[in-house]
Amino acid sequence: MIYRLLVSILLAFAFACAHSRPSLVIVLAREALPPQAFIGVETHQSGWALWQGSRGMSLPSRALTFGTGLRFNASAQDMLLLMPGHPFENGTAAQAFERRTGRSVANQNRLLAMNAGGLERRRILERTVGARLEQAGWKGAYLYVQDSPPPSPYALLGIGTSGSMTAREYEDLETLCQSIPLLTDDWVLLEVERWDYETFELLLAEGLETWIISLPPNDLSPEETVLTGIARYRARIQGGALTSPSTRWNGMVIDLDIAPTLLRAVSDDRWRLGHRMMGSPAFSPTAARNALSDHQAAWHDKRLLEMPEGVLTWHSFWNGELPRRFARGARAGLGWGGMNTQFERIEAVWRVQRDIAPLILSVFAGFATAWMLTGLLLWRLGRLWQSARRVYLAGLAVFALFPVAAIAGSYCPFPLWTGDLTQDFATNAGWLVACWAVLGLCTALLSHRMSITALTAAALVSIGGVCLDIFIGGGYGVHRSILSLAFPEHHRLYGISDHFAGLLMVFGIMAPAAWMESRSREMLTGTPLTFSMAMFGLLLLVTGLPLMGANAGGVVAMAVGFGIAGLLYAGRRMERWHGPALFGLGGLIALGFLFFDSRQPWQIQSHLGQLWSQMTAGEGNLWEWLRWRFQQDFMIKRAPWLTLTLLVGGCAAFIAFRWFRQPMRRLWRGAPAIKKGVMASLYGAVAMVVSNEAGLLSALMALSALALWLLEFGLGGANWGYPNKNGHAKKARVDAAVRLEEKGG
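Residues numbered from 1 in each chain as written. Predicted model: local features only at pLDDT ≥ 70, side-chain atom pairs only at ≥ 80, totals over all residues. Heavy atoms only, no water.

## Let's talk about the overall build of the chain
- Check the secondary structure of the chain and you find 27 helices and 13 strands.
- The burial tally for the chain puts 53% of its 745 residues in the buried class.
- Across the chain, the fraction of contacts at a sequence separation of at least 24, relative to all contacts at a separation of at least 6, is 74%.
- Total accessible area computed for the chain in this model is approximately 32,700 Å², and 62% of it derives from carbon and sulfur atoms. (Helix = DSSP H or I, 4+ residues; strand = E, 2+ residues; numbered from the N terminus. Buried < 20%, exposed > 50% of the residue type's maximum accessible area, 1.4 Å probe, protein only. Contact = heavy atoms within 4.5 Å. Areas by Shrake-Rupley, 256 points an atom, 1.4 Å probe, with all protein chains shown as cover.)

## Here's the deal with the environment of G440
- The residue G440 is located in helix α14 (residues 421-450) in this model.
- Residue G440 is classed as partly exposed on the basis of its relative accessible area of 26%.
- The sequence separation of G440 and A397 amounts to 43 residues, and the corresponding C-alpha distance is 8.5 Å.

## Description of a negative patch on the surface
- Taken together, the side chains of D147, E171, D172 and E174 present a region of like negative charge at the surface.
- In this fold, E174 is placed in helix α6 (residues 173-179). (Patch = residues over 30% accessible without salt bridge, like charges linked within 9 Å, V, L, I, M, F, W, Y side chains within 5 Å. Salt bridge = Lys/Arg side-chain N within 4 Å of Asp/Glu carboxyl O. Lys, Arg positive; Asp, Glu negative; His and termini not counted. Charge placed at Lys NZ, Arg CZ, Asp CG, Glu CD.)

## Points about the packing of aromatic side chains
- Enumeration over the complete set of coordinates arrives at 20 aromatic pairs.
- Aromatic pair F367 and F399: ring centres 6.1 Å apart, planes at 75°, arrangement edge-to-face. Here F367 is found in helix α11 (residues 342-381), whereas its partner F399 is found in helix α12 (residues 386-400), with 32 residues between them in sequence.
- Aromatic ring contacts, followed pair by pair, group F364, F367, W371, Y392, F399, F402 and W436 into a single cluster.
- A cation sits over an aromatic face here: R354 above W350, 4.5 Å from the ring centre.
- The aromatic ring of W249 is capped on one face by R480, whose charged end is 3.7 Å from the ring centroid. (Phe/Tyr/Trp six-rings, centres within 6.5 Å; stacked < 30°, edge-to-face > 60°. Lys NZ or Arg CZ within 6 Å of the ring centre and 35° of its normal.)

## Section: the side chain of E209
- Secondary-structure assignment places E209 in the loop between α7 (197-205) and β8 (210-214).
- The exposure class of E209 is buried, given its relative accessible area of 4%.
- A distance of 2.9 Å separates the side chain of E209 from the side chain of W211, its partner in a polar contact.
- Residues contacting E209, with those up to four places away along its chain left out, are S23, L24, V25, R232, Y233, R234 and A265. (Polar contact = N/O pair within 3.5 Å; in protein donor to acceptor, adjacent residues only side chain to side chain.)

## Here's the deal with the pairing of strand β4 (residues 110-113)
- Burial along β4 is two-sided: R110 and L112 facing one way and L111 and A113 facing the other are all buried.
- With two bridges connecting them, strand β3 (residues 81-82) and β4 associate as antiparallel partners. The residue of β4 that forms the bridge with L82 is L112. (Pairing = 2+ DSSP bridges.)

## Some details on helix α8 (residues 255-266)
- The buried fraction of α8 amounts to twelve of the twelve residues, a majority that puts the element mostly inside the structure.
- Buried within α8 we find D255, L256, D257, I258, A259, P260, T261, L262, L263, R264, A265 and V266.

## Quick word on the pattern of salt bridges
- Scanning all chains against the criterion turns up 13 salt bridges.
- E193 is the salt-bridge partner of R30, the closest N and O atoms lying 3.8 Å from each other. Taken together, the residues R30 in the loop between β1 (24-29) and β2 (44-51) and E193 in the loop between β7 (187-192) and α7 connect sequence positions 163 residues apart.
- Notably, a salt bridge pairs E89 with R100, separated by 2.6 Å at the nearest N-O pair.

## Here we look at the environment of L524
- Here L524 is to be found in the loop between α17 (498-518) and α18 (526-544).
- C-alpha separation for the pair L524 and L568, spaced 44 residues apart in sequence, amounts to 9.1 Å.
- Contacts of L524, omitting those with residues within four sequence positions, involve P512, W515, M516, L529, S532, Y569 and A570.

## Focus on the packing of α17 against helix α26 (residues 695-715)
- With their axes 7 Å apart at the nearest point, α17 and α26 run at an angle of 25° to one another. The angle between the axes of α17 and α26 places the two elements in the roughly parallel class. The handedness of the crossing between α17 and α26 is right-handed. Listed contacts from α26 to D498, H499, A501, G502, L503, M505, V506, F507, M510, A511, A514 and E517 of α17 are L697, S698, M701, A702, A705, L706, W709 and F713.
- Tallied by class, residues from the contact of α17 with α26 come to 15 nonpolar, three polar and two charged. (Axes fitted to C-alpha atoms, helices over the stretch in contact; angles between N-to-C directions. Parallel < 35°, antiparallel > 145°, perpendicular 65-115°, else oblique. Left-handed = near helix turned anticlockwise from the far one by under 90°. Nonpolar A, V, L, I, M, F, W, Y, C, P; charged D, E, K, R; others polar.)

## What to know about the confidence of the model for the chain
- For the chain, the mean per-residue pLDDT works out to 78, and 74% of the residues sit at or above 70.
- Mean pLDDT values for the elements of the chain range from 30 in strand β13 (residues 304-305) up to 94 in β8.
- Note on residues 3-20: pLDDT under 50 across the span, and four contacts to partners over four residues away in sequence or across chains.
- Across residues 726-734 the pLDDT falls below 50, and counting only partners more than four positions away or on other chains, this stretch makes 16 contacts in the model. (pLDDT = per-residue confidence, 0-100.)

## Let's talk about α26
- An ideal rise of 1.5 Å per residue puts 30 Å on 21 residues; α26 measures up with 30 Å between its terminal C-alpha atoms.
- Taken across its 21 residues, α26 has 17 buried, putting it largely inside the fold. (Expected span 1.5 Å × (residues − 1).)

## Some details on unusual backbone geometry
- Despite not being glycine, N90 has its phi angle at roughly 60°, a positive value.
- Take N90: it is sitting in the loop between β3 and α3 (93-101).
- Under the relative-accessibility criterion, N90 is labelled exposed at 89%.
- For R248, which is not a glycine, the phi torsion comes out positive at approximately 60°.
- Following the sequence through the fold, R248 ends up in the loop between β10 (240-241) and β11 (252-254).
- Judged by its relative accessible area of 8%, R248 falls in the buried class.

## Thoughts on the state of the cysteines
- Under the defined criterion, the tally for this structure stands at zero disulfides.
- In this structure C435 is a free cysteine whose sulfur lies 7.9 Å from that of C412, the closest cysteine sulfur available. (Disulfide = S-S within 2.5 Å.)

Structure, rendered in structure tokens:
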């Protein structure tokens, strides 16, 4: 009897210990490490964390983003975290904290946020991971050793609604790790100078949910981005690359994703507590389905939904898995050595976009500007003779191929980054030029076979290249091309970027207009009209449908531009109410896309689809999101470089108009098809400025593309695909002569 009683007591004690240990362990490593540094016997999932700089965001702002999953502007005072006994303001930190907040921490070992009052007034304190877990009934603790350095600003992650967090001190790191499985806290947070697998091996063998997050350097400038590694260890998980809906890159998350990821690590619905986050939980698309197909709490009806079959394969496909696997196999078959690993490829793209792409883009922009200005000057002086004119116009078509050439350049089979800037520049620029030359041959062949101008053929090749990249590679080339600049410009890492949106809209509008002008037609009918409408619809889907990797960002502007172009090309007259009506129609199409997106599993929802889901479930704050959106819009539009670009572009446009006023007037009067395309493009550009966060950039790209067609038509003639500078007037004269001849006969 006594034996059975002792066994029961031991089993009960073991059961209690097993269920009292923390469900989540967060380790902050202060040294920036790559994902390859997390090696060991225990299986783990790892990935890159992109710490994005934003305009005016310093280290405190990054720390707030890390701890809340939201963007905030912060000061150094917000990040001041101290222990109670630390000297502060002619006393101790505990005395200052009590004086500032009115909350006593006497005889308590707690980590104190010295500006808790200010954080509370701005409603930041209630949004940290610690506060959200505290509201759900989970208690946490900050662990440290006697000789630990002061807490870093990123420890604000664990501060609760009281402005403090329970702290526990240990003699050394080994004792700390051995004590973690015996703690009664629901989750713990600790900081180390450098991650060491051997030190934490015993802890990882316990099977606790453990996240190791490598922090960025403290001296990171506000406008700079950096990649650091993160890893997740958990019992019975399969290894894989962490990703998130915020990036849609296998092996990549952003700083906004870390807070919701940690909340979801302890429960399915913890990350939805409180106010909306801008990030999304990370998961592993390459892990087994059983490890990730746990029931998901639905936002819209609160019912439990199971992840559909094939969603991981689908997500991997639209992250560009197919072309990467093909390139890896082709490289191995040709004996070119092993392909870079997935993490190495991400780092290479980041370094190319940060260090090499600006140089290549500067060279291209300088050469294109010099080319256009030289041609205009020779035209003004009357020295742009026929042979030189043909070369000049062919150059305009070559410039229109740059977007699709940049996409093709991102599929470079050679190592993108070796550390030797000269060699890496030569590799990337050489592959880009090779792709450019091949695309130029395709453009010449298409122009000859279809009897269209070279610029129109280049536009069709560019549109086809973007669509092909979306359909086959999930936008792999669009996201990683040097024209996207997703990393250094802090843009979202999926969807059609602002650079491509403006170009695609003008390419889609002006290609049919140039075709009509070259054939002296004022309207489209039959098959040409159907083809144009199909192309408009395809571009609308590519730039807006979340299922294709977009985020509905350019739908409104595309709907306005393509809608007006369709009306004018079909022979309809433009009414005043058409513009506002099409703008509203674009908004309805965008809402339809987002409604469809909100019905997808959260792993493949866009950020706007998640916002829709939260708003319909009453879990988000629409006005707060709109306020943040308008603040970001205002900050982008007042950027100094954009203001300078607008001033220079405005002056150049004024001078060009003064110099070429008569040719422009003749074009406007004698080219009705080109005139319709210009009007539709201008309406679309205005809609981009109004509806898009970075609409000015898209509008500038659209106007730059529009200038190519104006130059081609202004300089082109019968030898370049246009019957005459005034093709329709010539057609009218020919028709009148034919009628007179028939009447005389």
